[in-house]
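A look at the structure
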Amino acid sequence: DIVMTQTPLSSPVTLGQPASISCRSSQSLVHSDGNTYLSWLQQRPGQPPRLLIYKNSNRFSGVPDRFSGSGAGTDFTLKISRVEPEDVGVYYCMQATQFPITFGQGTKLQIK
Amino acid sequence: EVQLVESGGGLVQPGGSLRLSCAASGFIFSSYWMHWVRQAPGEGLVWISRINTDGSSTDYAGSVKGRFTISRDNAKNTLYLQMDSLRAEDTAVYYCARRLASGTYDYWGQGTLVTVSS
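My aim in this report is to walk through the structure given alongside it, one point at a time. (Residues numbered from 1 in each chain as written. Chains lettered and ligands numbered in written order. Predicted model: local features only at pLDDT ≥ 70, side-chain atom pairs only at ≥ 80, totals over all residues. Heavy atoms only, no water.)

**Structural notes on the overall build of chain B**
For chain B, the helix and strand inventory stands at zero helices and eleven strands. Mapped from its N terminus to its C terminus, chain B presents α and β elements in the order β-β-β-β-β-β-β-β-β-β-β. Taken against the 2.2 N^0.38 rule, which gives 13 Å for 118 residues, the C-alpha radius of gyration of chain B at 13 Å falls within 12% of a compact globule. With the C-alpha coordinates aligned to their principal axes, the bounding extent of chain B is approximately 40 × 30 × 25 Å. Residues classed as buried in chain B amount to 50% of the 118 residues present. Residue pairs in contact within chain B that sit at least 24 positions apart in sequence constitute 52% of those at least 6 positions apart. With the model as given, the accessible surface of chain B reaches about 5,200 Å², and the carbon-plus-sulfur share is 46%. For chain B, the centre of its 10 positive side-chain charges and the centre of its 10 negative side-chain charges are spaced 4 Å apart. (Helix = DSSP H or I, 4+ residues; strand = E, 2+ residues; numbered from the N terminus. Rg over C-alpha atoms; globule rule 2.2 N^0.38 Å. Buried < 20%, exposed > 50% of the residue type's maximum accessible area, 1.4 Å probe, protein only. Contact = heavy atoms within 4.5 Å. Areas by Shrake-Rupley, 256 points an atom, 1.4 Å probe, with all protein chains shown as cover. Lys, Arg positive; Asp, Glu negative; His and termini not counted. Charge placed at Lys NZ, Arg CZ, Asp CG, Glu CD.)

And the structure:
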C-alpha cells in the first residue's frame, strides 16, 4: 500500500496569515493514464470530511479560492492564502492512484 | 442535492453483527462506485470497502476481509455494509462516500457510530 505522510501534524496559525501543509507519498502518484490522483479533504470538528482539491490542483465546486493544491510525483502541498476562522479542522491528503486508497494521518489546523 | 444518509450503527458486543445502510438521493445512484471509509475515535480515515456500479465487483481492506460484506440495491438507492464477527478495534464512525472517475470522493455521508464493547 502507498503510505501518505503529512507534515506538520499540528499547525497553529494566525488569522489572515497563510498556512501550508505538506504530504509525501511512498511511491509516485502519477497514474499510467498521466493523471495524479491526489486529493485534499477538510474535516471540521464533528463533521464528515469535505472535498477541497482533487487531481492534485483542481478546486472542488464551492471551495474558496484561498485554497490551492500543488506538487508532483511524491511531494504535494495544500496552501491556504489567508486563514479564516472556519478553516479550523483537520486536513487529510488522499491518494487514489493505486488501490487501495490511502490517507495521510491528518494535520490539525488551529488558530493561535 | 446529493445526499448520503447512513444508519444502523450502535452498540454491539464482540462477536456480534450489525448491518449499516447508506441511503442515497439527488443523483443516479447506479452510475457510481460506492465506498465505505471508517474513522476510529480521535484517529484518521481508513478505507474499508468498495463496490462497483452493479454490485458485481467488491473489494475489502485486509482488516475486515472475510468478516464484512458490502452490497447495494440500485432499485432502492441504498448501499449496505454487513459487519460480522465484530471486534473492539472495529469501533469507529463509518462513512459512505461517492467515488468519482477523477479518483476522489466528492460526497460523504454524515457517518454512523459503531461501538463494539461488552
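**Considering the side chain of D87 of chain A**
Residue and element names in this part refer to chain A. Tracing the backbone shows D87 in the loop between strand 8 (75-80) and strand 9 (89-95). A relative accessible area of 0% places D87 in the buried class. Looking at D87, its side chain comes within polar contact range of the main-chain nitrogen of E84, at 2.8 Å. Setting aside residues up to four positions removed in sequence, D87 forms contacts with Q42, R66, F67, I80, R82 and L109. (Polar contact = N/O pair within 3.5 Å; in protein donor to acceptor, adjacent residues only side chain to side chain.)

**Digging into the interface of chain A and chain B**
Listed by partner, the interface residues are 18 residues for chain A and 22 residues for chain B. Between chain A and chain B, roughly 1,600 Å² of surface is buried when both sides are summed, and carbon and sulfur atoms account for 68% of that area. On the chain A side of the contact with chain B, F99, I101 and F103 of chain A bury the most area, a combined 32% of that side's loss. If you look at where chain A meets chain B, you find four residue pairs in polar contact (both at pLDDT 80 or more). At the level of elements, strand 4 (38-43), strand 5 (50-54) and strand 9 of chain A are the ones that each hand at least two residues to the side of chain A that touches chain B. Among the elements that take part in the side of chain A that touches chain B, strand 4 of chain A stands out by supplying three residues, more than any other. Residues belonging to the side of chain A that touches chain B are distributed by class as follows: 14 nonpolar, three polar and one charged. (Buried area = accessible area lost by both parts, 1.4 Å probe. Nonpolar A, V, L, I, M, F, W, Y, C, P; charged D, E, K, R; others polar.)

From the geometry alone we can't say anything about function, so treat these as descriptive.
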